[in-house]
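The primary structure of each chain is shown beneath.
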Amino acid sequence: MADLSINFAGIKAPNPFWLASAPPTNSGYQVMKAFDQGWGGAVWKTLGVPVVNVSSRYGGMNYRESRMVGFNNIELITDRPLKDNLKEIEEVKKHFPDHAVIASLMVESREEWHQIIRDCENAGADGLELNFGCPHGMCERGMGSAVGQEPEVLKTIVSWVKEVAQTPVIVKLTPNITDVTEPAVAAKEGNGDAISLINTIQSLMGVDLDNFVCYPNVDGASTNGGYCGPAVKPIALNMIKSCAQHPDVNLPISGIGGIENWRDAVEHILLGAGCVQVCTAVMHYGFGIIREMIPGIDRYMDEKGFKTIDEMVGKALPNTKTWENLNLKYKVVADINEDKCIQCQLCYIACEDGAHQAIGLPDEDSRVPYIIEENCVGCNLCAIVCPVEGCITMERKDDGSQSITWKERTAKGDIPTTFNDPLAGGIGHWIPEPIEALKKGKK
Amino acid sequence: MAEFSRPQSEEAFEKNFAQIKPLMNETQAYYESSRCLFCYEAPCVNACPTGIDIPLFIRQINTGNALGAAKTIYDANYFGNACGKVCPTEVLCEGACVYIHQDVKAIEIGRLQSFATTKAIVDHEQLFTPGADNGKKVAVIGAGPAGISCACELRLKGYVVDIYEAKEKPSGLTIYGVAPYKIRNEEVLTEVDYLKRQLGFHINYNHPIDSKEIVEQLEEDYGAIFLGIGLGETNNIELPGEDLENCLGAVEYIEALRMRHHEVGFGNKVVVLGAGNTAMDAASESARMGAEKVVLAYRRSKEQMRAYEFEYDLAKSVGVKGLFNVSPIEIVGDGKVEGVKFIRTKNENGKLTTVPNSEFLEPCDMVIRATGQSKLVEFLSNIQGLELDNLDRIKVNYKNYQTTNAQYFAGGDAVNGGVEVVNAVAEGKIAALGIDKFLMSNE
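Residues numbered from 1 in each chain as written. Chains lettered and ligands numbered in written order. Predicted model: local features only at pLDDT ≥ 70, side-chain atom pairs only at ≥ 80, totals over all residues. Heavy atoms only, no water.

K.L.:
Please explain the overall build of chain A as it appears in this structure.
P.N.:
Counting its regular elements, chain A contains 14 helices and 20 strands. Among the 443 residues that make up chain A, the fraction classed as buried is 50%. Relative to all contacts within chain A whose residues are 6 or more apart in sequence, the contacts with residues 24 or more apart total 70%. Accessible surface computed for chain A: about 21600 Å², of which carbon and sulfur atoms make up 50%. Each charge sign in chain A was given a centre, from 40 positive and 58 negative side chains, and these centres are 2 Å apart. (Helix = DSSP H or I, 4+ residues; strand = E, 2+ residues; numbered from the N terminus. Buried < 20%, exposed > 50% of the residue type's maximum accessible area, 1.4 Å probe, protein only. Contact = heavy atoms within 4.5 Å. Areas by Shrake-Rupley, 256 points an atom, 1.4 Å probe, with all protein chains shown as cover. Lys, Arg positive; Asp, Glu negative; His and termini not counted. Charge placed at Lys NZ, Arg CZ, Asp CG, Glu CD.)

K.L.:
Can you walk me through the nonpolar core in this structure?
P.N.:
Soluble globular proteins: nonpolar side chains tend toward being buried together. By size, the foremost hydrophobic cluster in this structure holds 90 residues, and its most contacted members are A:Trp18, A:Trp39, A:Val171, A:Ile195, A:Leu197 and A:Ile297. Tallying contributions element by element places helix H10 (residues 290-304) of chain A first for this core, with six residues. If you look at the next biggest cluster of nonpolar residues, it comprises 69 residues, including B:Tyr164, B:Leu218, B:Ile394 and B:Ile435. (Core = buried A, V, L, I, M, F, W, Y, C linked by side-chain atoms within 4.5 Å.)

K.L.:
Please clarify how empty space enclosed by the protein should be interpreted in this entry.
P.N.:
Empty space among the atoms can be located by rolling a probe the size of a water molecule over them. All names here are of chain A. All told, the structure shown has six cavities of 30 Å³ or more when counted by the stated rule. In this model, the largest cavity occupies a volume close to 470 Å³. If you go around the largest cavity, you meet 36 residues; those closest to its centre are Ser21, Ala22, Lys172, Asn199 and Thr200. Of all elements in the fold, only strand S4 (41-47), strand S6 (66-73), strand S14 (225-228), strand S16 (273-278) and helix H9 (280-285) reach the threshold of two or more residues within the lining of the largest cavity. (1 Å grid on protein atoms, 1.4 Å probe; cavity = no way out; pocket = protein on both sides within 12 Å on 5 of 7 lines; lining within 4 Å. Points joined across faces, edges and corners; volume = space filled by probe spheres on them.)

K.L.:
Before we go on, may I ask you to explain the interface of chain A and chain B in this structure?
P.N.:
Bring the parts together and some accessible area is lost; that lost area is often taken as the interface size. Contacts between the two partners involve 15 residues from chain A and, on the opposite side, 16 residues from chain B. Summing the contributions of chain A and of chain B, the shared interface buries around 1500 Å²; its carbon and sulfur component is 56%. For the interface between chain A and chain B, the tally reads seven residue pairs in polar contact (both at pLDDT 80 or more). Considered class by class, the residues forming the side of chain A that touches chain B number nine nonpolar, two polar and four charged. (Buried area = accessible area lost by both parts, 1.4 Å probe. Polar contact = N/O pair within 3.5 Å; in protein donor to acceptor, adjacent residues only side chain to side chain. Nonpolar A, V, L, I, M, F, W, Y, C, P; charged D, E, K, R; others polar.)

K.L.:
What's the story with the sheet that holds strand S7 (residues 293-298) of chain B in this structure? I'm lost.
P.N.:
The strands that make up a sheet are held in pairs by hydrogen bonds between backbone atoms, and each pair lies either parallel or antiparallel. All names here are of chain B. Reading across the sheet, the five strands line up as S5-S13-S6-S7-S8 and stay open at both edges, with parallel pairing between neighbours. Every interior strand has two partners, whereas the edge strands, strand S5 (247-249) and strand S8 (321-324), have only one. Across the sheet, the mean angle from the axis of one strand to that of its neighbour is 25°, orientation sign disregarded. Relative to S7, strand S6 (residues 269-273) runs parallel, the two being bridged by five bridges. Paired with Leu273 across the bridge in S7 is Ala297. Together, S5 and strand S13 (366-369) form the strand contacts of helix H13 (residues 250-260), whose direction differs from that of S5 by roughly 85°. (Pairing = 2+ DSSP bridges. Axes fitted to C-alpha atoms, helices over the stretch in contact; angles between N-to-C directions.)

K.L.:
Please clarify how unusual backbone geometry should be interpreted in this entry.
P.N.:
Trans is the prevailing form of peptide bonds, just as negative phi is the prevailing case for residues other than glycine. With an omega of 10°, the peptide bond between A:Leu197 and A:Ile198 qualifies as cis. In this structure, A:Ile198 sits in the loop between strand S10 (194-197) and strand S11 (201-203). We note that B:Phe38 has phi near 60°; this positive angle belongs to a residue other than glycine. Position of B:Phe38 relative to the elements: it lies in the loop between helix H2 (26-35) and helix H3 (43-47).

K.L.:
Is there a simple way to explain the layout of surface pockets in this structure?
P.N.:
All names here are of chain A. Quantified by volume, the second largest pocket comes out at close to 790 Å³. Every residue lining the second largest pocket is counted, 25 residues in all, and those nearest its centre are Asn327, Leu328, Lys329, Tyr330 and Val377. Breaking the lining of the second largest pocket down by element, the ones donating at least two residues are strand S20 (392-396) and helix H14 (406-412). The residue inventory of the lining of the second largest pocket, partitioned by class, reads 13 nonpolar, seven polar and five charged.

K.L.:
I would appreciate a short explanation of the domain arrangement of chain B in the present structure.
P.N.:
Assigned domains within chain B: domain 1 (19-122), domain 2 (137-232 + 374-441) and domain 3 (247-369). Relative to domain 3 of chain B, the C-alpha centre of domain 1 of chain B lies at a distance of 34 Å. (Domains from an automatic or database assignment.)

K.L.:
Explain the environment of B:Asn382 to me, please; I cannot follow it from the model alone.
P.N.:
All names here are of chain B. By the element assignment, Asn382 lies in the loop between helix H16 (377-380) and strand S14 (396-397). In this structure Asn382 comes out as buried when scored by relative accessible area, which is 17%. Remark: the alpha-carbon pair of Asn382 and Glu3, spanning 379 residues in sequence, is separated by 49 Å. Those residues in contact with Asn382 that lie beyond four places of it in its chain are Asp210, Ser211, Lys212 and Val215.

K.L.:
Is there a simple way to think about the side chain of A:Gln357 in this case?
P.N.:
Residue and element names in this part refer to chain A. Along the polypeptide, Gln357 turns up in the loop between helix H12 (346-354) and strand S18 (359-360). The exposure class of Gln357 is buried, given its relative accessible area of 17%. For Gln357, the contacting residues outside a window of four places in its chain are Cys351, Glu352, Ile372, Asn375, Trp430 and Pro432.

K.L.:
I keep staring at the packing of aromatic side chains and nothing clicks. Help me out?
P.N.:
The geometry of two aromatic rings is summed up by the distance between their centres and the angle between their planes. Tallied over the entire structure, the rule returns 19 aromatic pairs over all chains. Aromatic side chains A:Tyr348 and B:Tyr40 sit 5.0 Å apart centroid to centroid with 50° between the ring planes, which places their arrangement in the tilted category. With one member in each of two chains, A:Tyr348 in helix H12 and B:Tyr40 in the loop between H2 and H3 form a pair that bridges those chains. The two residues A:Tyr348 and B:Tyr40 agree in class, both being buried. Above the face of the B:Phe38 ring, B:Arg59 is positioned so that its terminal group lies 4.6 Å from the ring centre. It is B:Arg344 that lies over the ring of B:Phe360; its NZ or CZ is 4.5 Å from the centre. (Phe/Tyr/Trp six-rings, centres within 6.5 Å; stacked < 30°, edge-to-face > 60°. Lys NZ or Arg CZ within 6 Å of the ring centre and 35° of its normal.)

K.L.:
For this particular structure, what's the right way to read the packing of helix H5 (residues 66-76) of chain B against helix H8 (residues 109-122) of chain B?
P.N.:
Two quantities define a packed helix pair, namely the angle between the axes and the distance from one axis to the other. Residues and elements named next belong to chain B. Interhelical geometry of H5 versus H8 gives an angle of 105° and a closest axis separation of 8 Å. As the angle between them shows, H5 and H8 are arranged roughly perpendicular. Of the residues in H8, those in contact with Ala66, Leu67, Ala69, Ala70, Ile73 and Tyr74 of H5 are Gln113, Phe115, Ala116, Thr117, Lys119, Ala120 and Ile121. In terms of residue class, the contact of H5 with H8 is made up of 10 nonpolar, two polar and one charged. (Parallel < 35°, antiparallel > 145°, perpendicular 65-115°, else oblique.)

K.L.:
Is there a simple way to explain the sheet that holds strand S5 (residues 58-63) of chain A in this structure?
P.N.:
All names here are of chain A. If you walk across this open sheet you meet the four strands as S5-S6-S14-S11, and the pairing is antiparallel. Each of the sheet's edge strands pairs with one partner strand only, and the pair in question is S5 and S11. Mean inter-strand twist for the sheet, computed between neighbouring axes without regard to direction, equals 40°.

If you want it as structure tokens, here you go:
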């Protein structure tokens, strides 16, 4: 059995699975229940001057029979008095001294920051997370993502915090920004101890077609909320990678965004997260999902020979490069396994209408499509749309002996530079005449 | 003890004859429609005699547009609701579903079809408007699926259509001949009503066309005549004892059952002669009527049965026993049926022969002959120049279903010898297009 315990920027926890600051960490009751079921840490629902919330707060995005592929909320920070929260933090720590309790904070003035930090640390918090990410409601009042979008302001506040903080300070970043590494660098410059990302993405969940009101509907009106859930994972992974690879950030990262099972968690870790935070999946299925996550990551680590979480952190980073450093000589071509094919012809129409016209249909007797190898650019689309696992595979065609990147070709002056440059990559690639389109049926 | 107790009330009958393809609820329809792959040139469409755009209507259900789905269905098939229930989908659309190649359950196309069309019927959705009166009249003989389909299509084109029906209810075998666990009487009638309300064809019930004089009058009154007359009574098998009480024809027995439900006569020990789909229905129905023993006797081997495999499975599932390679030689009884005397048969070099001295008596109190229906040869002899093929089926040109008498068109069982409701619907529609072309070019 691998050692799942972590020391994240000085915060110790029995495992890397933490609850993100959100409704599941609204109370000591919930956090205690989560710890009892196996969660390693919890970032408390953001503390500050208590708010007043609206009724009708969440929206879900379903994809076919899958519910809550995406999720958003317009809930604000805690609406409970600070003293109640502090009392409960103290009680949780008394029962679970080895678990990580992190106080998420959002206040305005330097004095308020100082006061709330002292209070939380006195209550036994193991660390602090500064909420510079919330993209709804609070940002209208100059807090949350309004801070995360202004690196200079962010840096100033982090430095205020560090004036008094005795415990590690995690700066939570907003993805609602062009370059997430800018606030990440600012967090570092302000002497923050770690960053966490991503907070939710500003969103509208959809519009009610009958009354023209977006979801969630608050008495005939709605507002933009924060988007999260499984659908945001790719965005989170990219931002985590960007921060992990940035030479001036160099801070431990707590990965957040679309984590629902051990696989999602491992992906975050492989791209540089030292621990992960989960919210939507718990809001969907309850704390019990931890039962799947811990044995899942444990078995994976045993299989791969990882003894600690730290050994895994960032393992995929060296293989994540800028486009200009990818090998232009690498060549794959799709291959259809006729025995596995169920003859839906989705690969055919996807390639025909959506890509490179590199799949053909046979005559009457068969419905199994075939690859027109000379047209196949190896884009993967057919393999992605194919409903049968392992039916369409991408087979390597180059012998692996050659490598040249865009960067190298640029250095050699071997790149197209004019509109009709003979070096254009698509030259010689077969494209049907436009008029041929009208000879096909309307299907 | 029989599998089913004898139904003494309408409720008990409904229970014994519970629908095998019950109406889906919204959630079921949503989940099931979510599974459809939206195949290119979908095999299910090619397998449907009416060519319904199945992937499209399923996608419409999935996007909350069930009425649009109903329109897609009805545009191709006027018996969209009934066909969803009574079609042998296992060997048509669902049998062609690509999921089967993956050993995954086929999409329940039939039930989805009924779901969408039921919604349209219940909502009184107006899908069709009759065409502007073109001053021409067409007579349709027989208000079965072929005739009604033909009438609907002609009404769209502005013809006045009068249907002449010998019985008191419309839809032919859909109401008189289909097993009650496939569709309920009121469902059949409601759909015909729904079509009639929108398209306004006239049905003259209890109005047999049974003399040369009436035929000649029709020829004078109408530009064209469509023959959707179906088939006649169950063929006699020319066996001693055939006229005993409780020796019934399958078609007649099923009709009585459909009309009178639990009030129909029943047997405790039933022998069904034949192994086609009607035999399976008659056997299943006898079992559901509470018979202690139902034997399905066939003179050839199990492998040679004409019935669909799923129909035999359905019969077996209610306790019907197959008795193969037995040929009836006499129906025994004193006034009433008391048994069937059989002789065993065997296949000798591809020829069926009897086994000497192998006679035995199968005691029973009811015999149902499912030995095919007769052709209405006598009636057809009233029509001048109307040719029949060597099986006494009406000869037609399959492009437009015109008969050898140019004024007459025909479709359904009388032409195809007795297939499915869906085939009759398809043929009736093609014939309508043929009639339109015929009458318009006669101007």
